[in-house]
Amino acid sequence: MTFAELIHAVHTHPQHVVVPGLWGQGRATFGGLVAAMLYEAMRLKVPAGRPVRSLSVTFVGPLLMGEPAAFEVEVLREGKSVSQVVGRAVQNGAVVAMAQGSFGASRQSAVRVEAEPAPAMKAVEDCQELPYAAGITPEFTRFLAMRWGEGGIPFSSTPARHMGGWVRLRSDVSYDKVTEAHLLALVDAWPPAVLSHLSKPAPGSSLTWTIEFVHPIPSLTTHDWCLYRAEIEHALDGYGHIAARLWTADGQLLALSRQTTTVFD
């Protein structure tokens, strides 16, 4: 099933969604897809004209592939311009992921501060792409293309503070318009930047993730490259604190991300 087909499954039968093994990240489902499906279930409960401004995700446990999961949504409050919503992914009677989202309509304001410019990065064609390799790279990477422009790939013993480059859906996916659900997948496609510090493979994953979206989202398709850059702000005791941003190829800010990650080395 493609990304679009899985999102459609959440729309049509949210109480029984089965993710195939093609979307694996170890024994669990790719976290960016889980967050995207949670977001879509939540969005369906929000009035039109209130785009998501912030989404806070906690990965409680692995969402297992091949087994049905339910996506449950609760609207906590619906004010004049902001809706506060909670979503849960439940599998085998237990919560495996949950998210709290703030959806807000635009308002007139005298405050206007432009985003800082995007960082300089090598051109897409000059960056090394992480190829999909069965049994070596995570299964979900068959659907997403990442090209390294800065920092090291996981387990390369590269003690860099920054990691970044270019990311998009792979070319065998249809030309869909990019939405917040796609941005969730594009940002989370990148491995925790702390993994590049290791010299041999070790498990690592996101524990909590907060992402904020910049509206309006520019007109992009799933074949357009986006620029990603992450910074390790602190890492100790098996936990890393990582801030990241995503831009369009021409430097328009799309999203701001912050993750607490775990590593078991």
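Residues numbered from 1 in each chain as written. Predicted model: local features only at pLDDT ≥ 70, side-chain atom pairs only at ≥ 80, totals over all residues. Heavy atoms only, no water.

- The chain carries the name Acyl-CoA thioesterase in an unreviewed UniProt entry, which gives Aquipseudomonas alcaligenes as its organism.
- Under the Sequence similarities (unreviewed entry) heading, UniProt states for the chain: "Belongs to the C/M/P thioester hydrolase family." (UniProt positions renumbered as here; feature names shortened; annotations may be inferred.)

### Digging into the overall build of the chain
Part 1 of the argument: Regarding its fold elements, the chain presents 3 helices and 14 strands.
Part 2 of the argument: Here the chain has a C-alpha radius of gyration of 18 Å; the compact-globule value for 265 residues is 18 Å, and the two agree.
Part 3 of the argument: When the backbone C-alpha atoms are referred to their principal axes, the chain occupies close to 50 × 50 × 40 Å.
Part 4 of the argument: Here the chain holds 265 residues, and 46% of them are scored as buried.
Part 5 of the argument: Partitioning the contacts of the chain with sequence separation of at least 6, the portion at a separation of at least 24 is 68%. (Helix = DSSP H or I, 4+ residues; strand = E, 2+ residues; numbered from the N terminus. Rg over C-alpha atoms; globule rule 2.2 N^0.38 Å. Buried < 20%, exposed > 50% of the residue type's maximum accessible area, 1.4 Å probe, protein only. Contact = heavy atoms within 4.5 Å.)

### Quick notes on the sheet that holds strand β7 (residues 94-104)
Part 1 of the argument: Ordered in space as β1-β5-β6-β7-β4-β11-β14-β13-β12-β10-β9-β8, the 12 strands form an open sheet in which the pairing is antiparallel. Only two strands of the sheet have a single partner each, and these edge strands are β1 (17-18) and β8 (128-129).
Part 2 of the argument: With 10 bridges connecting them, strand β6 (residues 82-91) and β7 associate as antiparallel partners. Considered in β7, the bridge of V86 is made with Q100. (Pairing = 2+ DSSP bridges.)

### Remarks on the pattern of salt bridges
Part 1 of the argument: Following the criterion strictly, the structure yields 8 salt bridges and no others.
Part 2 of the argument: Residues R147 and E129 are paired through a salt bridge, measuring 2.8 Å at the closest nitrogen-oxygen approach. One end of the pair, R147, is in strand β9 (residues 144-150); the other, E129, is in strand β8, with 18 residues separating them in the sequence.
Part 3 of the argument: A relative accessible area of 26% places E129 in the partly exposed class.
Part 4 of the argument: Note that R229 is salt-bridged to E150, the shortest N-O span being 2.9 Å. You can see R229 sitting in strand β12 (residues 226-236) and its partner E150 sitting in strand β9, a full 79 residues away along the chain.
Part 5 of the argument: With relative accessibility at 24%, the residue R229 sits in the partly exposed group.
Part 6 of the argument: A relative accessible area of 22% means that E150 is categorised as partly exposed.
Part 7 of the argument: Taken together, the shared-partner salt bridges connect E129, R147 and R170 into one network. (Salt bridge = Lys/Arg side-chain N within 4 Å of Asp/Glu carboxyl O.)

### Observations regarding the pairing of strand β14 (residues 253-263)
Part 1 of the argument: Across the 11 residues of β14, 9 count as buried, placing the element largely inside the fold.
Part 2 of the argument: With 9 bridges connecting them, strand β11 (residues 204-213) and β14 associate as antiparallel partners. The residue of β14 that forms the bridge with W209 is Q259.
Part 3 of the argument: Direction of pairing for strand β13 (residues 239-248) relative to β14: antiparallel, over a ladder of 9 bridges. From the neighbouring strand, Y239 faces β14, where its bridge partner is T262.
Part 4 of the argument: A loop of 4 residues connects β13 with β14, the two strands running antiparallel in sequence, and G251 in this loop sits at a positive phi of about 95°.

### Structural notes on unusual backbone geometry
Part 1 of the argument: P216 follows H215 through a cis peptide bond whose omega is 0°.
Part 2 of the argument: Positive phi is not limited to glycine here, since S157 has a value of about 55°.
Part 3 of the argument: Looking at the secondary structure, you find S157 in the loop between β9 and β10 (162-169).
Part 4 of the argument: With phi around 60°, D237 is a residue other than glycine that occupies positive phi space.
Part 5 of the argument: Note on placement: D237 falls in the loop between β12 and β13.
Part 6 of the argument: A residue is classified by how much of its surface remains accessible, and D237, at 69% relative accessible area, is exposed.

### Concerning the UniProt feature "domain: Acyl-CoA thioesterase-like N-terminal HotDog" (unreviewed entry) in the chain
Part 1 of the argument: Here, UniProt's "domain: Acyl-CoA thioesterase-like N-terminal HotDog" (unreviewed entry) annotation points to residues 20-104.
Part 2 of the argument: Between the C-alpha atoms that bound residues 20-104 there is a distance of 33 Å. The span itself is 15% helix and 52% strand.

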